Amino acid sequence: TNKILLIGHTAEYTKGAMHPTGRKRYTFYSVFDKEKNEFGQMKLLEMPEGYERCGNGCGQSVELENGDILIPVYYKKDNEQNMYSMVLKCSFDGENITVLEMGNPLTIHIGRGLCEPSLVFHNGIYYMTLRNDECGLVAKSKDGLNYTDLQLWKWEDGSILQNYNTQQHWMTVGDELYLVYTRRAGNNDHVFRHRAPLFAAKVENM
C-alpha cells in the first residue's frame, strides 16, 4: 500500500495514575497521510468479545510478502493475574487493519505472566521475545502465528541473561540477528530496573 503505519496500545489513566479498575487497553493504529504530512485519526483494532484488555504495547510487527501483518499483542483475562501474549495475523487495505487469525496464547505462572512481545523473521523462522517480571524469554514459530519452544534467554555457556521486567527488541544487521536488551551489568544498579545502558547480543543456535 506504500503507507506508513503507527501501531501501539491505549491505556486508561485517572488523576495521573493507571485506572484502578478494568485497565482496559486496545490496539490502536494511525495511517500517515503524505499530502498532509501527518498521521491520521487514531483507530482501534476490532477484536472478538472477551479481548477488551488486549493491546500491542512496545512490540515489533512483521509484514508478510502479501501485505498482511503479524502483530504481537498481550492481554489479561478477567479474574486472572497472568498476562498472555499471542500474535494476530491481520490484513491492511491502506486504510483499515482487520484481524484474520489469532495465534496460540503463551504465558508462564511467574509474576504477571508474559507481555510486550516483539517479532522478527530470520532465516525462515519467526521469533518472539517476551517480557516477564523476573526474566526475558523467547519462542519460535514456522508459520508466524503459533509459537513453541518457549525458553529463557541464555548465554552460550548456559547461564541466564540477567534481563527482567522490561522489553527486549530485535535488530538485524546484514544476515545476522541481534537481541537488544538491558540487564544487570555491575555498574548500573543506580538505574531504575537496570534499564540502561542498552546492550546488543548476536543470536545463534536457536
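All chains use their own residue numbering, which begins from 1 and follows the written sequence. Residue-level local features of this predicted model are given only where pLDDT is at least 70; pairs of side-chain atoms are given and counted only at 80 or more, and the full residue set underlies all totals for whole chains, interfaces and linings. Calculation of side-chain values draws on the structure's entire complement of heavy atoms; hydrogens and water are dropped beforehand.

Asks: Residues and numbers for the overall build of the protein chain, please.
Replies: A helix here means a DSSP run of H or I that spans at least four residues, while a strand means a run of E at least two residues long, and both kinds are numbered starting from the N terminus. Helix and strand content of the protein chain: 0 helices and 18 strands. For the C-alpha atoms alone, the extent of the protein chain along its principal axes is close to 50 × 45 × 35 Å. Only protein chains enter the accessibility calculation, which uses a 1.4 Å probe; a residue whose area is less than 20% of its type maximum is buried, one above 50% is exposed, and one in between is partly exposed. With 206 residues in all, the protein chain has 39% of them scored as buried. Whether two residues touch is decided by their heavy atoms; if any such pair falls within 4.5 Å, the residues are in contact. The long-range fraction of contacts in the protein chain, counting pairs at least 24 apart against all pairs at least 6 apart in sequence, stands at 45%. All accessible-area figures derive from a Shrake-Rupley calculation using a 1.4 Å probe, and residue coverage is judged against the displayed protein chains alone. Of the roughly 11700 Å² that the protein chain leaves accessible, carbon and sulfur atoms contribute 48%. Charge convention: Lys and Arg are scored as positive, Asp and Glu as negative, and His as well as the terminal groups of each chain are ignored. Charge placement uses NZ in Lys and CZ in Arg. For Asp and Glu, CG and CD serve respectively. Looking at charge distribution, the protein chain has the averaged site of its 22 positive side-chain charges lying 7 Å from that of its 26 negative ones.

Asks: Before we move on, could you go through the pairing of strand β13 (residues 125–131) and cite the residues and values that matter?
Replies: Among the 7 residues of β13, 6 are classified as buried, and the element is accordingly described as predominantly covered. Pairs of strands are assigned from DSSP output, requiring at least two bridges between the strands. As judged from the 6 bridges shared by strand β12 (residues 115–122) and β13, these two strands associate in the antiparallel manner. Among the inter-strand pairings, V120 is bridged to a residue of β13, identified as Y127. Linking β12 to β13, which pair antiparallel, is a turn of 2 residues; within it N123 sits at a positive phi near 50 degrees. Bridge count between β13 and strand β14 (residues 136–141): 6 bridges; the pairing is antiparallel. Bridged to Y127 within β14 is K140. The turn linking β13 back onto β14 is made up of 4 residues.

Asks: For the environment of M128, give the residues involved together with the corresponding values.
Replies: Structurally, M128 is set in strand β13. The buried category is assigned to M128, whose relative accessible area is 0%. M128 sits 42 residues away from W170 along the chain, and the two C-alpha atoms are 9.2 Å apart.

Asks: Just give me the short version of the packing of aromatic side chains, but keep the residues and values in it.
Replies: For Phe, Tyr and Trp, rings pair up if their centres lie within 6.5 Å, where Trp contributes its six-membered ring, and each pair is then called stacked (planes under 30 degrees apart), edge-to-face (over 60) or tilted (otherwise). In the structure shown here, the tally under the stated rule is 8 aromatic pairs. Their ring planes at 65 degrees and their centres at 5.0 Å tell us that F32 and F39 sit as a pair that is edge-to-face. The class for F32 is buried, based on a relative accessible area of 19%. Between Y75 and Y84, the aromatic rings sit 5.6 Å apart at their centres with planes inclined by 20 degrees, giving stacked as the arrangement. Judged by relative accessible area, Y84 falls into the buried class, the value being 10%. Taken together through their ring pairs, the aromatic side chains of Y51, Y75 and Y84 make up a single cluster.

Read these as layout, nothing more, since geometry by itself doesn't imply function.
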